Amino acid sequence: MATTTPDQLRSRGTAHRSPETVASREHRQDAPTPTSSAADRGTLTMSEKVIEKLAAQSAYELSFVAGLGGGVLGVGRKADTDHRPQVDVELSGRNVTVFLDIALDFPTDIAARSAQIRRHVSGSIETATGLQVRRIDITVKALTTTTDRPRRSLQ
């Protein structure tokens, strides 16, 4: 068994390299810096599924929005606070179109609630991704009464 001293271990990694080589690797001119432009650092690609999940979660954060759950092949589905709204997204370059299927509390001003949902969801998507939300189409699939759904609370 060969024994190695700590000095031998330290010198092993740099013994065959000159100090100039080590220094030049640490300060390469072609390496991206924190201040270089985004195009120099690479590209970022986001799946439509990521944006769909972001939009669904954002809409679900609003207390008056519920998703639809249960049923078989869409038959017998009902408003369910345990489910997030169903979302489909079309991504075209840096523009996003969102299609949102939701259930709302009843009675409610559907137009006013829809405007609140659009503001909240588009703000969340634009803040998180930098993409521009071109349009949000909302389909109200069900209305629920307060007795139909339990209140959300942190536990």
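All figures in this text were calculated on a predicted structure; none of them were measured in a lab.

Compared with the 18 Å implied by 1.5 Å per residue over 13 residues, the 18 Å span of helix α4 (residues 48-60) between its first and last C-alpha is a close match. Where α4 is concerned, the buried positions are Ile51, Glu52, Ala55, Ala56, Ser58, Ala59 and Tyr60. Against β1 (65-69), β3 (86-92), β4 (95-105) and α5 (110-129) lie the buried residues of α4. Between the side-chain oxygen at the start of α4 and the backbone nitrogen of Lys49 there is a gap of 3.1 Å, and the oxygen is on Ser47.

Right, let's get into the nonpolar core. By size, the foremost hydrophobic cluster in this structure holds 21 residues, and its most contacted members are Val65, Val98 and Ile117. Looking at this core, the elements that each hand over two or more residues are α4, β3, β4, α5 and β5 (132-144). The dominant element in this core, judged by the number of residues it contributes, is β4, at five residues. Excluding residues that lie within four positions of it along the chain, Val98 makes contacts with Ala55, Val87, Asp88, Val89, Ile125, Arg135, Ile136 and Asp137.

This part takes up the packing of aromatic side chains. By the definition in use, this model includes zero aromatic pairs. One residue, Arg113, lies across the ring of Phe64, its end atom 4.0 Å from the ring centre.

This part is about the pairing of β3. Bridge count between β3 and β4: seven bridges; the pairing is antiparallel. When the sheet's bridge partners are listed, Gln86 is paired in β4 with Asp101. Linking β3 back to β4 in an antiparallel pair, the connection comprises two residues, with Gly93 at a positive phi of about 65°.

Let's shift gears to the confidence of the model for the protein chain. In this model, the protein chain carries a mean pLDDT of 76, and residues with pLDDT of at least 70 account for 61%. Scored below 50 in pLDDT, residues 20-25 shows two contacts in the model against residues more than four places distant or in partner chains.

Moving on to the pattern of salt bridges. Working definition: two side chains of opposite charge can pair if their charged atoms are close together. Evaluation of the coordinates by the stated rule reveals two salt bridges. Here Lys49 and Glu52 are joined by a salt bridge, their closest N and O atoms 3.5 Å apart. Highlighted residues: Lys49 and Glu52, both in helix α4, separated by three residues, approximately one helical turn. The class for Lys49 is exposed, based on a relative accessible area of 55%. Note that Arg135 and Asp137 form a salt bridge whose closest N and O atoms lie 2.8 Å from each other. Judged by its relative accessible area of 45%, Arg135 falls in the partly exposed class. Asp137 sits in the partly exposed class, given a relative accessible area of 26%.

Definitions and limits used
- Residues numbered from 1 in each chain as written.
- Predicted model: local features only at pLDDT ≥ 70, side-chain atom pairs only at ≥ 80, totals over all residues.
- Heavy atoms only, no water.
- Helix = DSSP H or I, 4+ residues; strand = E, 2+ residues; numbered from the N terminus.
- Expected span 1.5 Å × (residues − 1).
- Buried < 20%, exposed > 50% of the residue type's maximum accessible area, 1.4 Å probe, protein only.
- Contact = heavy atoms within 4.5 Å.
- Polar contact = N/O pair within 3.5 Å; in protein donor to acceptor, adjacent residues only side chain to side chain.
- Core = buried A, V, L, I, M, F, W, Y, C linked by side-chain atoms within 4.5 Å.
- Phe/Tyr/Trp six-rings, centres within 6.5 Å; stacked < 30°, edge-to-face > 60°.
- Lys NZ or Arg CZ within 6 Å of the ring centre and 35° of its normal.
- Pairing = 2+ DSSP bridges.
- pLDDT = per-residue confidence, 0-100.
- Salt bridge = Lys/Arg side-chain N within 4 Å of Asp/Glu carboxyl O.

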